[in-house]
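Residue strings, one per chain:
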Amino acid sequence: MDFETAVGSLFLPEGRLDPYPAYDVLRAHAAAFPGMENQWWITSHALVSRLLRDPGLRVADRSDYDQSWPDWRDNRGVASVVLSMLQTNPPDHSRVRRAAAATFTARRVAAMRDVITAQVDELIDELEPESDFVSSFAYPLPIAVICALLGIPESERHWFRQRAADLTVVLEPISSEEEMGRADKAGRDLEDYFVGLVADRQKTPREDLTSALVQAANAEDGVLTGEELLANLVLLLVAGFETTTNLLGTGLKILLDHPEVADRLRSDADVAPAVVEEILRYDSPVQLTSRFTTAPIDLGNGRHLASGTMLTMLLGSANRDPERYPDPHRFDPDRPNIQPVSFGGGAHYCLGAPLARLEAQIAFPRLLTRLPRLALSGEPVRRDRLVLRGYASLPITTGA
């Protein structure tokens, strides 16, 4: 395809099903090129990696939304994302991120290993001989894990799945009025729930992430406002499951397509970290992210951009850049120095990345070991999304 066709294909359902041929064309055209007015596309691994870590760039925040969409707060799905640390810049981002990082610790994540393993085994036990992997495993596992981390009772976790799924459409640049309506309702439902959960933890603190964040909000220095507390609880729930669901569904499909790698995982679970990193590189759960310049910037090769320019960074393209990964369309967990940009980088590096990795590293070996005849039983269905890439359904048979 030619360059113009490649750009246009990303905004069409058929192009989003497999954007990698378009990425190849765009990357071959240029590491950076202009798109719409005051917007540039970034395609190479070197440039995406550099820009993600550039402290001179910022994300779109509430001030931007105030200008472009004055009544954005009326949609509570949008508000929960915009008011969270995902769409916040320093100094507020630094303050909120420190509070969340202080509670979302490596110790707390590591302590989840037994919880994750138990949830994986329970879900494997409950799999029907013929089932949909996405609805039977890839959704329930991360929902159960993040809810356990937040201290949400097991009996209430099923309630979150559809609401969290409905809210994620606000992360997409393309959405329908109906989808945005569902996102608004989901945001309102989740806010109402977390108001109750916060009130409970204020009365009776527990050893969970919600209690820790409530404590930060109640601190004398006011580390978190009440509005920020609610928004970031919603963010942790939604971001904590959606990308992991996509990682699990995509990862299983890749492993079933590469039985030699699946066999290695069955015989040696220690290769799981390398396999998961290659899955993240090969087919990223998040395909793009955006930043804005705060001062004139030099991208090299005579490309000088003005302050206020929007940069759309194609993470999926960067992860398949042949300059960084030779033979990039080959799935190879043995390739050296795998460093995908799937979880972003710099100040906005995904806080939940270690938890998502841990879930996948535990889930894949146990699935393949306990279900040695696991196989696809039908045609997988991709979700039609530009940003969040994953499967809507993945029919499997356990071989039982």
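Up top is the structure these notes are about.
Definitions and limits used
Residues numbered from 1 in each chain as written. Predicted model: local features only at pLDDT ≥ 70, side-chain atom pairs only at ≥ 80, totals over all residues. Heavy atoms only, no water. Helix = DSSP H or I, 4+ residues; strand = E, 2+ residues; numbered from the N terminus. Rg over C-alpha atoms; globule rule 2.2 N^0.38 Å. Buried < 20%, exposed > 50% of the residue type's maximum accessible area, 1.4 Å probe, protein only. Contact = heavy atoms within 4.5 Å. Areas by Shrake-Rupley, 256 points an atom, 1.4 Å probe, with all protein chains shown as cover. Lys, Arg positive; Asp, Glu negative; His and termini not counted. Charge placed at Lys NZ, Arg CZ, Asp CG, Glu CD. Core = buried A, V, L, I, M, F, W, Y, C linked by side-chain atoms within 4.5 Å. Salt bridge = Lys/Arg side-chain N within 4 Å of Asp/Glu carboxyl O. Polar contact = N/O pair within 3.5 Å; in protein donor to acceptor, adjacent residues only side chain to side chain. Pairing = 2+ DSSP bridges. Axes fitted to C-alpha atoms, helices over the stretch in contact; angles between N-to-C directions. Parallel < 35°, antiparallel > 145°, perpendicular 65-115°, else oblique. Nonpolar A, V, L, I, M, F, W, Y, C, P; charged D, E, K, R; others polar. Phe/Tyr/Trp six-rings, centres within 6.5 Å; stacked < 30°, edge-to-face > 60°.

> Which residues make up the overall build of the protein chain, and what values do they have?
If you tally the helices and strands in the protein chain, you get 19 helices and twelve strands. For the protein chain, the C-alpha radius of gyration of 21 Å lies close to 21 Å, the compact-globule estimate for 400 residues. Considered along the principal axes of its C-alpha atoms, the protein chain spans approximately 60 × 55 × 40 Å. Buried positions account for 58% of the 400 residues belonging to the protein chain. Across the protein chain, contacts joining residues at least 24 apart in sequence account for 69% of those joining residues at least 6 apart. When the accessible surface of the protein chain is summed, it comes to about 16900 Å², and 53% of that surface belongs to carbon and sulfur atoms. Once the 41 positive and 57 negative side-chain charges of the protein chain are each reduced to a mean point, those two points are 3 Å apart.

> So what's going on with the nonpolar core? Which residues, and what values?
Judged by nonpolar contacts, the single largest core of 96 residues is most densely connected at Phe133, Phe137, Phe160, Phe194, Leu224, Leu355 and Phe364. Excluding residues that lie within four positions of it along the chain, phenylalanine 133 makes contacts with Ala138, Leu248, Gly249, Leu252, Leu367, Leu394 and Ile396. Listed in part, the 32 residues of the second largest apolar core include Val48, Leu51, Leu314 and Ala318.

> Which residues make up the side chain of aspartate 132, and what values do they have?
Relative to the helices and strands, aspartate 132 resides in strand 4 (residues 130-132). No salt bridge is formed by the buried aspartate 132; the nearest opposite charge belongs to arginine 161, separated by 5.8 Å. A distance of 3.1 Å separates the side chain of aspartate 132 from the side chain of serine 135, its partner in a polar contact. At a separation of 2.6 Å, a polar atom in the side chain of aspartate 132 contacts the main-chain amide nitrogen of leucine 394. When near neighbours in sequence (up to four residues on either side) are disregarded, aspartate 132 contacts Ala392, Ser393, Leu394 and Pro395.

> An account of the sheet that holds strand 9 (residues 375-376) is requested, with residue identities and associated values reported.
If you trace the three strands from one edge of the open sheet to the other, you get 4-12-9, paired in antiparallel fashion. Taken across any chain shown, the strands that pair with only one partner, and hence form the sheet edges, are strand 4 and strand 9. With two bridges connecting them, strand 9 and strand 12 (residues 395-397) associate as antiparallel partners. Bridging from a neighbouring strand, leucine 376 pairs with isoleucine 396 of strand 12.

> Give a detailed account of the pairing of strand 2 (residues 39-42), specifying residues and quantitative values.
Residue alternation in strand 2 divides its side chains into two sets, Gln39 and Trp41 and Trp40 and Ile42, and both sets are buried. Note: strand 1 (residues 32-34) against strand 2, three bridges, orientation antiparallel. Among the inter-strand pairings, phenylalanine 33 is bridged to a residue of strand 2, identified as tryptophan 41. From the end of strand 1 to the start of strand 2, which pair antiparallel, there are four residues, and asparagine 38 there has a positive phi angle of about 60 degrees. Across four bridges, strand 2 lies against strand 8 (residues 310-314) in parallel orientation. Bridge pairing links isoleucine 42 to methionine 313 in strand 8.

> How would you sum up unusual backbone geometry? Please name residues and give values.
The omega torsion of the bond from proline 90 to proline 91 falls at 5 degrees, within 30 degrees of zero and hence cis. Summarising the element assignment, proline 91 is placed in the loop between helix 6 (76-82) and helix 7 (92-103). Phi is positive for asparagine 38, which is not a glycine, with a value near 60 degrees. Note that asparagine 38 resides in the loop between strand 1 and strand 2. Of note, the phi angle at asparagine 337 is positive, near 55 degrees, even though the residue is not glycine. Relative to the assigned elements, asparagine 337 resides in the loop between helix 18 (315-319) and helix 19 (353-370).

> So what about the pattern of salt bridges? Which residues, and what values?
A side chain of one charge can pair with a side chain of the opposite charge when the charged atoms of the two come close. Per the counting criterion, the structure on display carries 31 salt bridges. In this structure, aspartate 184 engages arginine 188 in a salt bridge whose closest nitrogen and oxygen atoms are separated by 2.9 Å. Here aspartate 184 and its partner arginine 188 are both found in helix 13 (residues 177-203), four residues apart, which amounts to about one turn of the helix. Judged by relative accessible area, aspartate 184 falls into the buried class, the value being 19%.

> I'd like a description of the sheet that holds strand 5 (residues 288-293), backed by residues and values.
Here we have five strands laid out as an open sheet, ordered 1-2-8-5-3, and mixed in their pairing. Where the open sheet ends on each side, the last strands, each with one partner, are strand 1 and strand 3 (57-58). Here helix 4 (residues 45-52) sits on the sheet in contact with strand 1, strand 2, strand 3, strand 5 and strand 8, set at roughly 125 degrees to strand 8.

> Can you break down the packing of helix 15 (residues 226-257) against helix 17 (residues 272-282) residue by residue, with the values?
Helix 17 packs onto helix 15 with a crossing angle of 100 degrees between their chain directions and a minimal axis gap of 10 Å. Between helix 15 and helix 17, the crossing angle belongs to the class labelled roughly perpendicular. Across the interface between the two elements, Leu247, Gly251, Ile254 and Leu255 of helix 15 pack against Val275, Ile279, Leu280 and Tyr282 of helix 17. Along the lines of polarity and charge, the residues of the contact of helix 15 with helix 17 split into seven nonpolar, one polar and no charged.

> Tell me about the packing of aromatic side chains, and name the residues and values.
Enumeration according to the criterion identifies 13 aromatic pairs in this entry. Seen from their ring centres, tyrosine 20 and tyrosine 23 are 5.5 Å apart, and the 85 degrees between their planes marks the pair as edge-to-face. A residue pair is termed a helical-turn pair when its members lie 3 or 4 positions apart in one helix, as tyrosine 20 and tyrosine 23 do in helix 3 (residues 20-29) at three residues. On the accessibility criterion, tyrosine 20 (5% relative accessible area) is buried. Overall, the relative accessible area of 1% leaves tyrosine 23 in the buried class. Taking 6.3 Å as the distance between ring centres and 40 degrees as the angle between the ring planes, the aromatic pair formed by phenylalanine 160 and phenylalanine 194 counts as tilted. Of this pair, phenylalanine 160 sits in helix 12 (residues 160-167) while phenylalanine 194 sits in helix 13, and the two are 34 residues apart along the sequence. Pair check on accessibility: phenylalanine 160 and phenylalanine 194 agree, each one buried.

> Any chance you could break down the pairing of strand 8 for me, citing the residues and the numbers?
Counted residue by residue, strand 8 has four buried out of five residues, so it is predominantly covered. As defined by bridge partners, strand 5 adjoins strand 8 across five bridges and the pair is classed as antiparallel. Its bridge partner lying in strand 8, arginine 291 is registered against leucine 311.

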